[in-house]
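# Breakdown of the fold
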Amino acid sequence: MDLSIQLQVLTVSFAYGIFFSYLLRMQYRFLFESKLFYKVFITLLFVFDNCLLYFLILRTINYGVFHIYFLILLILGYLFGNYLTKKKKK
């Protein structure tokens, strides 16, 4: 894999982690205001849709090749997104 493609995927993974953090904060509303069936259904749909969207993005950039450091950047982006939203909340 070319270095420029790897840098693109790393950047997209970090940005998607921030985006996922934001979406997860929005989804909390549904988890605490609905019945058990809707909680389970919405959570499964949320996780499935986000995984599918991430792998579709990977597929367009580098033909769906996944490495562990993409996951590490995704987690770091998620943690950074949580840090930003907590800081913004205060």
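Residues numbered from 1 in each chain as written. Predicted model: local features only at pLDDT ≥ 70, side-chain atom pairs only at ≥ 80, totals over all residues. Heavy atoms only, no water.

Here we take up the overall build of the protein chain. Along the backbone of the protein chain there are three helices and zero strands. Along its sequence from the N terminus, the protein chain presents helices and strands in the succession α-α-α. In terms of its C-alpha atoms, the protein chain occupies a principal-axis envelope of roughly 50 × 30 × 15 Å. Among the 90 residues that make up the protein chain, the fraction classed as buried is 19%. Within the protein chain, contacts between residues separated by at least 24 positions form 74% of all contacts whose residues are at least 6 apart in sequence. (Helix = DSSP H or I, 4+ residues; strand = E, 2+ residues; numbered from the N terminus. Buried < 20%, exposed > 50% of the residue type's maximum accessible area, 1.4 Å probe, protein only. Contact = heavy atoms within 4.5 Å.)

Taken together, the side chains of Phe55, Phe66, Ile68, Leu71, Ile72, Ile75, Leu76 and Leu79 present a nonpolar region at the surface, about 730 Å² in accessible area. Considering each element in turn, the nonpolar patch owes the most residues, six residues, to helix H3 (residues 68-89). Here Leu76 lies in helix H3. (Patch = residues over 30% accessible without salt bridge, like charges linked within 9 Å, V, L, I, M, F, W, Y side chains within 5 Å. Areas by Shrake-Rupley, 256 points an atom, 1.4 Å probe, with all protein chains shown as cover. Salt bridge = Lys/Arg side-chain N within 4 Å of Asp/Glu carboxyl O.)

Moving on to helix H2 (residues 36-62). With 27 residues, H2 ought to run about 39 Å at 1.5 Å a step, and its terminal C-alpha atoms sit 39 Å apart, in line with that. Looking one or two residues past H2, Tyr63 carries a phi angle of roughly 60°, positive in sign. (Expected span 1.5 Å × (residues − 1).)

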